[in-house]
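Spelled out from the first residue to the last, the chains are:
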Amino acid sequence: MPDHDSPGLRSPDLRPGLAVGFDLDLTLADTRAGIGAVYAALAAESGVAIDTDAVIGRIGPPLEEELGYWFPPEEVPVMAARYRAIYADIAIPATVLMPGAAAALDAVRARGGRVIVVSGKNQADTERTVRYLGLEVDVVAGGLFGADKGTVLREHAAGAYIGDHTGDVDAARAASALAVAVATGAYDSAALTAYGADVVLPDLLAFPEWLGGFRAS
């Protein structure tokens, strides 16, 4: 656990009206089973063998990037459209909260903060996932990955961004926000630390205690 009072650590500004950002897949939402099922359906329809375990192990980057591992470039747009067409019916019902997700959002609100969800998942499915899981959030933005998330985070004055991917560290950096990483996705704690996350937690179960002890600026 990082030293909460260490010099140089930027603390999230959680005064009323400001915000804390969260990634969605493998941060707030466990979408592994659902995403795997959608790729299995694509494989069955197309006749292309897709290793769903490999897919699940790379969750985070844009859909088209993952599809590029399995389909030639000229087929990726069509397969992306098909993926999005079937996602809601197949993946949403198989999605569950990540451990500690609800308590993490409650902890932010208890400090007077607003909750901003910024995800690489397309806007419609990001909204559907948040709604299905019953997450109480103030802003939902989809279709953004890595540093591109910084625009929304800056717009809403996010003091911190919490995510599981190195791209989420990039997002926080782009917004001049605290990069808080949770080791619940493709990257373990050592990799997230090496990449430059300001704070690395094992999961969101550790988030409320960390937030409660972190000295606000």
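Residues numbered from 1 in each chain as written. Predicted model: local features only at pLDDT ≥ 70, side-chain atom pairs only at ≥ 80, totals over all residues. Heavy atoms only, no water.

Points about the overall build of the chain
Going by this rule: For helices the rule is a DSSP run of H or I covering at least 4 residues; for strands it is a run of E covering at least 2, with both sets numbered from the N terminus onward. Only protein chains enter the accessibility calculation, which uses a 1.4 Å probe. A residue is then buried if its area is under 20% of the maximum for its type, exposed if over 50%, and partly exposed in between. Contacts between residues were defined by any pair of non-hydrogen atoms, one from each residue, lying within 4.5 Å. Using the Shrake-Rupley algorithm and a 1.4 Å probe, accessible areas are obtained, with residue cover drawn only from the displayed protein chains.
When helices and strands are tallied, the chain shows ten helices and eight strands. Within the span of the chain, comprising 217 residues, buried residues form 49% of the whole. The long-range share in the chain, meaning contacts at least 24 apart out of those at least 6 apart in sequence, stands at 62%. Taken as a whole, the chain presents about 9,200 Å² of accessible surface, with 54% of it coming from carbon and sulfur.

Structural notes on the nonpolar core
Burial of nonpolar side chains together is a common tendency in soluble globular proteins. Selection criterion: Nonpolar cores were defined as sets of buried Ala, Val, Leu, Ile, Met, Phe, Trp, Tyr and Cys residues, with membership established by side-chain atoms within 4.5 Å.
Ranked by internal contacts, the top residues of the largest apolar core, which has 27 residues, are F22, L28, I162, L201, L204, F207 and W210. The set of elements that each furnish at least two residues to this core consists of β1 (19-22), α5 (101-110), β4 (114-118), α6 (123-133), β6 (158-163), β7 (178-182), β8 (199-201) and α10 (207-213). Element by element, the count of residues in this core is highest for α5, at five residues. Listed in part, the 21 residues of the second largest apolar core include L42, I50, A80 and Y83.

Structural notes on the confidence of the model for the chain
Keep this limit in mind: The predictor's confidence in any single residue is recorded as pLDDT, a number from 0 to 100.
Chain-level pLDDT for the chain is 91 on average; 90% of the residues reach the 70-or-more range. A low-confidence stretch, residues 1-11 (pLDDT under 50), is modelled with 22 contacts involving residues beyond four sequence positions or located in other chains.

Some thoughts on the environment of G142
With respect to the helices, strands and loops of the structure, G142 is situated in the loop between β5 (139-141) and α7 (150-155). Sequence separation between G142 and D23 is 119 residues; the distance between their C-alpha atoms is 9.7 Å. Here G142 is in contact with S119, K121, N122, Q123 and T126, once residues within four sequence places are set aside.

Section: the pattern of salt bridges
Note the cut-off: The rule for a salt bridge is simple: a side-chain nitrogen of Lys or Arg has to be within 4 Å of a carboxyl oxygen of Asp or Glu.
For the coordinates displayed, the defined rule picks out eleven salt bridges. Two residues, K121 and D25, come together in a salt bridge whose shortest N-O distance is 3.0 Å. Separated by 96 residues along the polypeptide, K121 in the loop between β4 and α6 and D25 in the loop between β1 and β2 (29-30) bring together distant segments of the chain. Using a relative accessible area of 10% as the deciding quantity, one classes K121 as buried.

A closer look at the side chain of T166
Condition: Counting of polar contacts relies on pairs of N or O atoms within 3.5 Å, with two restrictions inside protein: one atom must be capable of donating a hydrogen and the other of accepting it, and residues adjacent in sequence are counted only when both atoms are side-chain atoms.
Looking at the secondary structure, you find T166 in helix α8 (residues 166-174). A polar side-chain atom of T166 sits 3.5 Å from a polar atom in the side chain of H165.

Quick word on the sheet that holds β6
Applicable threshold: Strand pairing is defined by DSSP finding a minimum of two bridges between the two strands. Fitting a line to C-alpha atoms yields each axis, with helices limited to the stretch in contact; the angle taken between N-to-C directions then spans 0 to 180 degrees.
Judged by pairing direction, the sheet is parallel, and its six strands sit side by side in the order β5-β4-β1-β6-β7-β8 without closing on themselves. Single-partner strands in this sheet number two, and they are β5 and β8. Put simply, the sheet's adjacent strands are angled 20° from each other on average, direction ignored. Note that β1 and β4 share four bridges and pair parallel. Looking at the pairing, A19 lines up with R114 of β4. Sitting on the sheet, α6 is in contact with β4 and β5, with an inclination near 140° to β5.

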